[in-house]
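If you want the building blocks of each chain, they are given just below.
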There are 2 protein chains.
Amino acid sequence: MSPAEEAGLALDQQVCFKLYAASRAVIRGYKPMLDALGLTYPQYLAMMVLWEWQASDPGQPTVKALGQRLMLDSGTLTPLLKRLEQLGLVRRQRAVRDEREVHLGLTEAGLALRGQVPPVQQRLHCMADVDAGELIELRERLDRLLHLLDR
Amino acid sequence: MSPAEEAGLALDQQVCFKLYAASRAVIRGYKPMLDALGLTYPQYLAMMVLWEWQASDPGQPTVKALGQRLMLDSGTLTPLLKRLEQLGLVRRQRAVRDEREVHLGLTEAGLALRGQVPPVQQRLHCMADVDAGELIELRERLDRLLHLLDR
DNA sequence: ATCAATTGAATTGCACACAATTTATCTTGA
DNA sequence: TCAAGATAAATTGTGTGCAATTCAATTGAT
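Note that the coordinates shown come from a computational prediction; the quantities given were computed from them, not determined experimentally.

## Regarding the interface of chain B and chain A
Here is step 1 of the chain: At the junction of the two partners, chain B supplies 63 residues and chain A supplies 64 residues.
Here is step 2 of the chain: Of the roughly 6,100 Å² buried at the junction of chain B and chain A (both faces included), carbon and sulfur atoms supply 67%.
Here is step 3 of the chain: Applying the counting rule to chain B against chain A returns eight salt bridges.
Here is step 4 of the chain: Here Asp143 of chain A ties to Lys18 of chain B by a salt bridge, and the two come within 3.0 Å at their closest N and O atoms.
Here is step 5 of the chain: The interface formed by chain B and chain A includes 17 residue pairs in polar contact (both at pLDDT 80 or more).
Here is step 6 of the chain: Elements supplying a minimum of two residues to the side of chain B that touches chain A: helix H1 (3-6), helix H2 (11-37), helix H3 (41-56), helix H4 (63-70), helix H7 (120-123) and helix H8 (132-149) of chain B.

## A look at the pattern of salt bridges
Here is step 1 of the chain: Scanning the entire structure with this criterion turns up 18 salt bridges over all chains.
Here is step 2 of the chain: For the salt bridge of Glu134 of chain A with Arg144 of chain B, the shortest nitrogen-to-oxygen distance reads 2.9 Å. One end of the pair, Glu134 of chain A, is in helix H8 (residues 132-149); the other, Arg144 of chain B, is in helix H8, on a second chain.
Here is step 3 of the chain: Residues Glu137 of chain A and Arg141 of chain A are paired through a salt bridge, measuring 2.9 Å at the closest nitrogen-oxygen approach. Taken together, the residues Glu137 of chain A and Arg141 of chain A, both in helix H8 and four residues apart, mark about one turn of the helix.
Here is step 4 of the chain: Judged by its relative accessible area of 10%, Arg141 of chain A is buried.

## As for the relation of the copies chain B and chain A
Here is step 1 of the chain: Between chain B and chain A, the superposition needs a rotation of 180 degrees and an axial shift of 0.0 Å, giving an RMSD of 0.0 Å. Each copy turns onto its partner about a two-fold axis.
Here is step 2 of the chain: Here 100% of the interface residues in chain B have copies in chain A that are interface residues too; the copies meet face to matching face.

## Topic: the protein's contact with DNA strand D
Here is step 1 of the chain: Thr40 and Gln43 of chain A together with Tyr20, Ser74 and Thr78 of chain B are the nearest of the 30 residues found near DNA strand D.
Here is step 2 of the chain: Sugar and phosphate atoms form 74% of the subset of DNA strand D atoms that lie within 4 Å of the protein.
Here is step 3 of the chain: In the model, a phosphate oxygen of DNA strand D is placed 3.2 Å from a nitrogen or oxygen of the Val63 of chain B main chain.
Here is step 4 of the chain: Side-chain polar atom of Arg92 of chain B to a phosphate oxygen of DNA strand D: 2.7 Å apart, as the coordinates give it.
Here is step 5 of the chain: Counting residues per element, the ones that place at least two in the surface near DNA strand D are helix H3 (41-56) and helix H5 (74-86) of chain A together with H2, H4, helix H5 (74-86) and strand S1 (90-94) of chain B.
Here is step 6 of the chain: Class assignment of the residues belonging to the surface near DNA strand D gives a composition of seven nonpolar, eight polar and 15 charged.

## Concerning the protein's contact with DNA strand C
Here is step 1 of the chain: Around DNA strand C, a shell composed of 30 residues is seen, among which Tyr20, Ser74 and Lys82 of chain A together with Thr40 and Arg83 of chain B lie nearest.
Here is step 2 of the chain: Across the atoms of DNA strand C situated within 4 Å of the protein, the share located in sugar and phosphate is 79%.
Here is step 3 of the chain: Val102 of chain A places a main-chain nitrogen or oxygen 3.4 Å from a phosphate oxygen of DNA strand C.
Here is step 4 of the chain: The set of elements that each furnish at least two residues to the surface near DNA strand C consists of helix H2 (11-37), helix H4 (63-70), H5 and strand S1 (90-94) of chain A together with H3 and H5 of chain B.
Here is step 5 of the chain: Class assignment for the residues of the surface near DNA strand C results in seven nonpolar, eight polar and 15 charged.

## A closer look at the domain arrangement of chain A
Here is step 1 of the chain: What the domain assignment lists for chain A is domain 1 (39-117) and domain 2 (119-151).
Here is step 2 of the chain: Averaged C-alpha coordinates put domain 1 of chain A and domain 2 of chain A at centres separated by 24 Å.

## Let's talk about the packing of aromatic side chains
Here is step 1 of the chain: A full pass over the atoms with the stated rule returns ten aromatic pairs over all chains.
Here is step 2 of the chain: Centre to centre, the rings of Tyr41 of chain A and Tyr20 of chain B are 5.6 Å apart; their planes meet at 85 degrees, and the pair counts as edge-to-face. Taken as a pair, Tyr41 of chain A in helix H3 and Tyr20 of chain B in helix H2 lie in two separate chains rather than in one.
Here is step 3 of the chain: Here Tyr41 of chain A falls in the buried class, since its relative accessible area comes to 4%.
Here is step 4 of the chain: Overall, Tyr20 of chain B belongs to the buried group, its relative accessible area being 10%.
Here is step 5 of the chain: Here the aromatic residues Phe17 and Tyr20 of chain A together with Tyr30, Tyr41 and Tyr44 of chain B are joined through ring pairs into a cluster of three or more.
Here is step 6 of the chain: The aromatic ring of Tyr20 of chain A is capped on one face by Arg24 of chain A, whose charged end is 4.3 Å from the ring centroid.

Each value, and the rule that gives it
- Residues numbered from 1 in each chain as written.
- Chains lettered and ligands numbered in written order.
- Predicted model: local features only at pLDDT ≥ 70, side-chain atom pairs only at ≥ 80, totals over all residues.
- Heavy atoms only, no water.
- Contact = heavy atoms within 4.5 Å.
- Buried area = accessible area lost by both parts, 1.4 Å probe.
- Salt bridge = Lys/Arg side-chain N within 4 Å of Asp/Glu carboxyl O.
- Polar contact = N/O pair within 3.5 Å; in protein donor to acceptor, adjacent residues only side chain to side chain.
- Helix = DSSP H or I, 4+ residues; strand = E, 2+ residues; numbered from the N terminus.
- Buried < 20%, exposed > 50% of the residue type's maximum accessible area, 1.4 Å probe, protein only.
- Least-squares fit on C-alpha atoms with pLDDT ≥ 70 in both.
- Near = heavy atom within 4 Å.
- Nonpolar A, V, L, I, M, F, W, Y, C, P; charged D, E, K, R; others polar.
- Domains from an automatic or database assignment.
- Phe/Tyr/Trp six-rings, centres within 6.5 Å; stacked < 30°, edge-to-face > 60°.
- Lys NZ or Arg CZ within 6 Å of the ring centre and 35° of its normal.

Next comes the structure, spelled out in structure tokens:
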């Protein structure tokens, strides 16, 4: 490595570490709200997708579809979804047409939980302090990075 | 929640999810290099701190100091450091002066491993494709977000 | 039609993260 | 000085992430 690189942490390392640290910090920030809902952050993300799906798409998503959305595989999702099922929020059922697939649906309680999610201002308190333009910029930069990394 | 927010995922949710997804994507990107080194990403971060410490600071960092640097607690670090010790890369020793502290040092192999880390271009291949200015911008935005979240 | 290849979930095993508790040690103040 | 509080690691328990494997169901090429 060049001496210039090795003087300290190189730029890529700094960005990667800060990404990792910021991701965990955000999840910590959501914790109080999520505790009130009785969900973990990944479980909350799964519920978000199911709430959205309910509203827009016809039919129910499969584990695979959810996995593509969240970029998580069945090794992570299967136990997570079983916990949501245990909580009485989600229904998992094998498709009749193709018995390899498992379709995901919301129970009454799962649907009702959506109403318990507080408005943005109370979700990640400090996010409200961040300028909206700044957030949009950050989102776009993350998008470009994600796009590059997915190859 | 307002209808405008609920039309889709609100901005904060998008940013938080993308942060979470990008962090995991970056770690995936590092995987081939880390497999060659025989390290996981968090283990690599710990080694980076120890390599840097060696070069700049006098004395050895404690588990606490490492934890503050990486924003990780002993519940995560103790088993991770024991694995690095098993690999023969790190030495853990109770301080004589204060027996509550555990000081961390590098073994010969631990020091030598630094030479095995490939240059930036081969670390996260696609990072080289990203404009340096873009990376600096991203780092600064993550810094500001981290600063806001740490309160 | 059939069998090899593919696919979707589930399972297994390992390594984080982190809250909560425990243990040992140190510090401090009456 | 010595008991109360603070501190540093370790431990315990739960829930991810993800690679690798397994298993059942489906598809496709001959």
